[in-house]
Amino acid sequence: LCSCQNYECCEWLRCCGGGEPRPRTVWLGHPEKRDQRYPRNVINNQKYNFFTFLPGVLFNQFKYFFNLYFLLLACSQFVPEMRLGALYTYWVPLGFVLAVTVIREAVEEIRCYVRDKEVNSQVYSRLTARGTVKVKSSNIQVGDLIIVEKNQRVPADMIFLRTSEKNGSCFLRTDQLDGETDWKLRLPVACTQRLPTAADLLQIRSYVYAEEPNIDIHNFVGTFTREDSDPPISESLSIENTLWAGTVVASGTVVGVVLYTGRELRSVMNTSNPRSKIGLFDLEVNCLTKILFGALVVVSLVMVALQHFAGRWYLQIIRFLLLFSNIIPISLRVNLDMGKIVYSWVIRRDSKVPGTVVRSSTIPEQLGRISYLLTDKTGTLTQNEMVFKRLHLGTVAYGLDSMDEVQSHIFSIYTQQSQDPPAQKGPTLTTKVRRTMSSRVHEAVKAIALCHNVTPVYESNGVTDQAEAEKQYEDSCRVYQASSPDEVALVQWTESVGLTLVGRDQSSMQLRTPGDQILNFTILQIFPFTYESKRMGIIVRDESTGEITFYMKGADVVMAGIVQYNDWLEEECGNMAREGLRVLVVAKKSLAEEQYQDFEARYVQAKLSVHDRSLKVATVIESLEMEMELLCLTGVEDQLQADVRPTLETLRNAGIKVWMLTGDKLETATCTAKNAHLVTRNQDIHVFRLVTNRGEAHLELNAFRRKHDCALVISGDSLEVCLKYYEYEFMELACQCPAVVCCRCAPTQKAQIVRLLQERTGKLTCAVGDGGNDVSMIQESDCGVGVEGKVISWFFFPQRHSFKMVTHKELCAVFSSVFYFASVPLYQGFLIIGYSTIYTMFPVFSLVLDKDVKSEVAMLYPELYKDLLKGRPLSYKTFLIWVLISIYQGSTIMYGALLLFESEFVHIVAISFTSLILTELLMVALTIQTWHWLMTVAELLSLACYIASLVFLHEFIDVYFIATLSFLWKVSVITLVSCLPLYVLKYLRRRFSPPSYSKLTS
């Protein structure tokens, strides 16, 4: 996969694809007529291939000092002068650790390979001179004519040539590409759509001239040329004519010509390289390992200095380094890896988070150190389902509980019409000085039913023929398709109150009344919604009356200056917005025939302009947008996922800042942020206005700097300008905000924001998303969460690790084995291996089950999470305390043994080793906060293993000696002296300076 920066993509294409990416000429149906080499259409999300897997995994392991140290240590034992024991005592633990790592990486790579193979093996139909043939996605080439069925994924970036839809267009679902649930309308090339059959595409001589591959998924520049017509036909191509890979055809069957494949796909170029993640805990351990190594070198020099650097002192230094090597225990690495595997298993088995799959078992502890959570909106915070909530007419408002009143008003209007004489038909003909409430409601509902871009589609349900269903307008077969879920929600609502959209094509629209009467309207003009205009309009002619009406709906900020003066619009829009509703203002204007004809002439003339076309067109439309009659306000709400509000409240209390990064529109994103309580009621929102250059960005940043405790809402375009000129200043201000919303965000921008947060704050980030456009963000974050389906459960996982205990037990072993400053190990062979494994590993490892507080209490008091963010369990202070404890206990065991057993000095190994084992088991018990039955089993099992193994350790320990009463009471005294003071200190500390969580458990 390509890197997520455009210039990096170009560099990669240059080195791997044979030169600079450049524009191309693609002949329809003739992939052999190519002017350059194109990559294979293969999706590859793996980190390694067959040849780079083992070197790559080993490099990622040994690039950290922690692992490199153990490798050098094991290799040193091949030198006879440096050997301190059997080779297996060094190579077996290291081999075990490497084997676990390689197997884990191999399993994850195989899973990734299987997923990629599934995508690459999907079968499509290709048009050829011999007819239609089946082809795998991975075998599709530039120039192929590919047929894509409804609900099928588009396999490559293509130009849309033909559709089976009667209206000559199709809808695409693009949520996996840009995160938007709005269906996108796509138009085929007019020249090829007019051909009688799809097979005729191979009979014409035509080609597409396309721009070079780039990451922009919202724009495209190209031309279509047919050479064999007289004169040659040439059509301009834009984003409306494209079918990008990763999108799904939502209507009809389409035919397209392939332009880009493989790594040149827009979706691939917007995806960053998968990387190997290492947890903050591992980095902290790596740092402490370097400190321990430094201490090891110092101690070794001191030992040699006490011998006055006699003889081959340099060799003695190395031997002391090897003798003290257990100060950095390899069992620590074993415990860390096994602990992470246990945490991953617990997450998978958690009944409160059903269906969770742990993709990476190397970073589960990261969930306990998150400072910033970056989430997608669509499908993550919301369910992708818009619901109509409010109709406001100024003097009266209708909510969900009063929609039956609206229905009765509509019913009464059309019942009255059917009883009136023919000359009186149509409510618009009945002119009254004072309009009744029913007519006001009817006008509002009719405006909502007509002012949109929704198309009803009739599908066969297995019983009814599709054509027959469309003819009869069967409700059970009708599905609404639109480029915006809000519009579908509005049309579904008008259907629920009695006015149903039953038919539409490019020039007409049909509505059905409660009395099953069909109202026909001719569509004269449509002015689609744009990000700049923030409104859409439509001019229709009522076929029954001949009246021409201009309907418009849009955001209140623009509609306030268009509608006639009123005293309630601003106040009610604010009230509805505070409830988290997306507010649309609906207005209308009746046009005389002459007025419309004059407008049409000016509008057509403006559209033919070569220079400043968009400005001239907007000026002509604005000439109509004056003194429009305000009909109503509508409020729709994007349904939130279950428990999103309490979850965001919990995150806020836990000290985690939430940023919402979405590809959706600014208004929708802002409403969702309010509705989900991402922005609290007492917080202001600063909407960062659109900036295009350095000066505008500077002024807007200064305005933003004057705000305090204010949430930020910014668009992707403005964000790009700010990061280009004022990256440091912008990130500094944004990080101070309680919440940030970035809308119209491209996938690359999401990953860039995550990367900047990591660099500027040094804090851990977690990214949550559900679509293909979120992959880059998830991969870039320290901990990524992918959501499947429409339900997300949020979870914390407290960090619990046994690093302190592992380091402590190894330091105790080292300091208790220092024997008269001689570079000879006191505990040799199996003793040191057994100490690090079967004698003490199970109790130390069982600490992964330890809990400061119950999970219910942790969720009830999320403020406890802030303690984890401070990283105190592994701070330098905590680490130093455990080093001092180790020195004290190691010295106590060694010199206690020398003091009490002077006459049995030959049994010093048995004396000190037994005390060491007992001390370690007691220290584990001292550390435990909440006992688990497995902890007790681990303690007893370890003690039993030691006692049982004495039979086989006769070369190191005299079994008859340790069975004497004198041995037992003296070992007990040494163990008590090493442990009892620490128990007393722990009691005093918990009595006079208890930790915050202990107050909740008492």
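Given the structure is predicted, the values throughout are model-derived calculations rather than measurements.

Moving on, we come to the overall build of the protein chain. Looking only at helices and strands, the protein chain features 36 helices and 31 strands. Classification of the 1002 residues of the protein chain by burial places 53% in the buried group. Across the protein chain, the fraction of contacts at a sequence separation of at least 24, relative to all contacts at a separation of at least 6, is 74%. Of the roughly 45,400 Å² of accessible surface on the protein chain, 58% is carried by carbon and sulfur atoms.

On inspection of all chains with the given rule, the structure shows 19 aromatic pairs. Relative to Phe-599, the ring of Tyr-596 lies with its centre 6.4 Å away and its plane at 40°, an arrangement referred to as tilted. Of the two residues, Tyr-596 and Phe-599 are both situated in helix 17 (residues 593-607); the distance of three residues between them amounts to about one turn of the helix. Take Tyr-596 and Phe-599: they sit in the same class, and that class is buried. Considering the side-chain rings of Phe-599 and Tyr-603, the 5.4 Å spacing of their centres and the 15° angle between planes classify their relative orientation as stacked. Within this pair, Phe-599 and its partner Tyr-603 are both found in helix 17, separated by four residues, close to a single helical turn. What makes Phe-599 buried here is its relative accessible area of 0%. Through pairs of rings, three or more aromatic residues link up here, namely Phe-65, Phe-66, Tyr-69, Phe-70 and Phe-293.

For the rest of this paragraph, the subject is the pattern of salt bridges. Under the definition given, this model contains 24 salt bridges. The salt bridge partner of Arg-478 is Glu-495, with a shortest N-O separation of 2.9 Å. With a gap of 17 residues between them, Arg-478 in strand 18 (residues 478-481) and Glu-495 in helix 14 (residues 485-496) connect regions that are remote in the sequence. Judged by its relative accessible area of 10%, Arg-478 falls in the buried class. What you see here is one network of salt bridges that share partners, running through Asp-376, Lys-750 and Asp-774.

This next bit is on unusual backbone geometry. Positive phi is not limited to glycine here, since Phe-309 has a value of about 50°. Note on placement: Phe-309 falls in the loop between helix 8 (280-306) and helix 9 (313-323). Positive phi, normally seen in glycine, also occurs at Glu-627, with a value near 50°. Tracing the backbone shows Glu-627 in the loop between helix 18 (613-622) and strand 25 (629-640).

Between its first and last C-alpha atoms helix 24 (residues 747-761) spans 22 Å; for 15 residues at 1.5 Å apiece the expected length is 21 Å, and the two agree. A large share of helix 24 lies buried, amounting to 11 of its 15 residues. Among all positions in helix 24, only Pro-747, Thr-748, Gln-749, Lys-750, Ala-751, Ile-753, Val-754, Arg-755, Leu-756, Leu-757 and Gln-758 are buried. Phi turns positive one or two residues past the end of helix 24, at Gly-762, with a value near 70°.

Under the local residue numbering, the UniProt record ascribes the feature "active site" (unreviewed entry) to Asp-376. Counting through the fold element by element, Asp-376 comes out in the loop between strand 14 (370-375) and strand 15 (382-392). A polar side-chain atom of Asp-376 sits 3.4 Å from a polar atom in the side chain of Lys-750.

Next up on the list: the environment of Met-777. Topologically, Met-777 is positioned in helix 25 (residues 775-780). Residue Met-777 is classed as buried on the basis of its relative accessible area, which comes to 0%. Each C-alpha atom of the pair Met-777 and Thr-748 lies 7.8 Å from the other, and the pair is 29 residues apart in sequence. Setting aside its immediate chain neighbours within four residues, Met-777 contacts Leu-374, Asp-376, Leu-661, Lys-750, Ala-751, Val-754, Ala-767 and Val-768.

Right, let's talk about the state of the cysteines for a bit. This structure, assessed with the given rule, holds zero disulfides. A disulfide-free cysteine, Cys-783 has its sulfur positioned 4.6 Å from the sulfur of Cys-766, the nearest such atom. According to the relative accessible area criterion, Cys-783 is buried, its value standing at 6%.

Turning next to the packing of helix 12 (residues 437-450) against helix 14. The axes of two packed helices give the description: the angle between them and the distance between them. At a closest axis distance of 9 Å, the pairing of helix 12 and helix 14 adopts a crossing angle of 135°. It follows that helix 12 is oblique to helix 14 by the angle criterion. Note that helix 12 runs across helix 14; the crossing there is left-handed. Side by side, helix 12 and helix 14 meet where Val-445, Ile-448 and Ala-449 of the first sit next to Leu-490, Trp-493 and Thr-494 of the second.

Turning next to the environment of Arg-694. Within the secondary structure, Arg-694 is located in helix 21 (residues 694-705). Assessed through its relative accessible area of 46%, Arg-694 is described here as partly exposed. Along the primary structure Arg-694 and Val-721 are separated by 27 residues, whereas in three dimensions their C-alpha atoms are 7.1 Å apart. Apart from the residues lying within four places of it in its own chain, the contact partners of Arg-694 are Tyr-725 and Tyr-726.

Read across the sheet, nine strands follow the order 16-15-25-24-23-22-21-20-19 without closing on themselves; strand pairing throughout is antiparallel. Of all the strands in the sheet, the pair left with one neighbour each is strand 16 (397-398) and strand 19 (500-504). Bridging between strand 19 and strand 20 (residues 508-512) involves four bridges; their strand directions are antiparallel. Across the sheet, residue Leu-501 finds its bridge partner in strand 20, namely Leu-511. Packed on one face of the sheet, helix 12 meets strand 15, strand 16, strand 20, strand 21 (518-527), strand 22 (535-542), strand 23 (548-554), strand 24 (582-591) and strand 25 and runs near 60° to strand 25. On top of the sheet, helix 14 reaches strand 15, strand 19, strand 22, strand 23, strand 24 and strand 25; it is set at about 50° to strand 15, its chief contact.

Turning our eyes to something else, we now look at the sheet that holds strand 31 (residues 783-786). Spatial strand order, 27-28-29-26-14-30-31: seven strands in an open sheet with parallel pairing. In this open sheet, the two strands that pair with only one neighbour each are strand 27 (684-687) and strand 31. Between one strand axis and the next, the sheet turns through 20° on average, direction left out of account. Here strand 30 (residues 764-769) runs beside strand 31; their pairing, made up of four bridges, is parallel. Within the sheet, the bridge partner assigned to Val-768 lies in strand 31 and is Val-785. Of the strands in this sheet, strand 26 (657-661), strand 27, strand 28 (710-715) and strand 29 (739-743) touch helix 20 (residues 666-675), which is tilted by about 155° from strand 29.

What follows deals with the pairing of strand 29. Counting buried residues in strand 29 gives five out of five residues, a clear majority hidden from the surface. The side-chain alternation of strand 29 yields two buried faces, one formed by Ala-739, Val-741 and Cys-743 and the other by Val-740 and Cys-742. Here four bridges tie strand 26 to strand 29, and the two strands are oriented parallel to one another. Looking at the pairing, Val-658 lines up with Ala-739 of strand 29. Bridge count between strand 28 and strand 29: four bridges; the pairing is parallel. Its bridge partner being in strand 29, Val-713 is matched across the sheet by Val-741.

Right, let's talk about the confidence of the model for the protein chain for a bit. Chain-level statistics for the protein chain give a pLDDT mean of 81 and a share of 86% at 70 or above. Model confidence for the protein chain, summarised as mean pLDDT per element, is weakest for helix 1 (residues 6-16) at 41 and strongest for strand 4 (residues 145-148) at 94. For residues 421-434, every residue scores under 50 in pLDDT, and the model assigns this stretch 10 contacts once sequence neighbours within four places are set aside.

Their axes nearest at 9 Å, the elements helix 31 (residues 876-900) and helix 32 (residues 908-927) cross at an angle of 145°. Here the hand of the crossing between helix 31 and helix 32 comes out right-handed. Facing Trp-882, Ile-885, Gln-889, Ile-893, Met-894, Ala-897 and Leu-898 of helix 31, the residues of helix 32 in contact are Ile-908, Ile-911, Ser-912, Ser-915, Leu-916, Thr-919, Met-923 and Thr-927. Here the residues of the contact of helix 31 with helix 32 are counted per class, giving 10 nonpolar, five polar and no charged.

Within the largest apolar cluster, 43 residues are counted, with the highest numbers of intra-cluster contacts made by Leu-391, Val-406, Val-445, Trp-493 and Leu-511. For this core, the leading source of residues is helix 12, giving seven residues. Look past the residues within four positions of Leu-511 in its chain and what remains in contact with it is Ala-449, Leu-450, Leu-499, Thr-500, Leu-501, Val-502, Gln-517, Ile-518, Leu-519 and Phe-521.

Moving on, we get to the side chain of Ser-344. Structurally, Ser-344 can be placed in helix 10 (residues 330-349). Filtering out sequence-adjacent residues up to four positions away, Ser-344 remains in contact with Val-358, Ser-361 and Pro-364.

About the thresholds
- Residues numbered from 1 in each chain as written.
- Predicted model: local features only at pLDDT ≥ 70, side-chain atom pairs only at ≥ 80, totals over all residues.
- Heavy atoms only, no water.
- Helix = DSSP H or I, 4+ residues; strand = E, 2+ residues; numbered from the N terminus.
- Buried < 20%, exposed > 50% of the residue type's maximum accessible area, 1.4 Å probe, protein only.
- Contact = heavy atoms within 4.5 Å.
- Areas by Shrake-Rupley, 256 points an atom, 1.4 Å probe, with all protein chains shown as cover.
- Phe/Tyr/Trp six-rings, centres within 6.5 Å; stacked < 30°, edge-to-face > 60°.
- Salt bridge = Lys/Arg side-chain N within 4 Å of Asp/Glu carboxyl O.
- Expected span 1.5 Å × (residues − 1).
- UniProt positions renumbered as here; feature names shortened; annotations may be inferred.
- Polar contact = N/O pair within 3.5 Å; in protein donor to acceptor, adjacent residues only side chain to side chain.
- Disulfide = S-S within 2.5 Å.
- Axes fitted to C-alpha atoms, helices over the stretch in contact; angles between N-to-C directions.
- Parallel < 35°, antiparallel > 145°, perpendicular 65-115°, else oblique.
- Left-handed = near helix turned anticlockwise from the far one by under 90°.
- Pairing = 2+ DSSP bridges.
- pLDDT = per-residue confidence, 0-100.
- Nonpolar A, V, L, I, M, F, W, Y, C, P; charged D, E, K, R; others polar.
- Core = buried A, V, L, I, M, F, W, Y, C linked by side-chain atoms within 4.5 Å.

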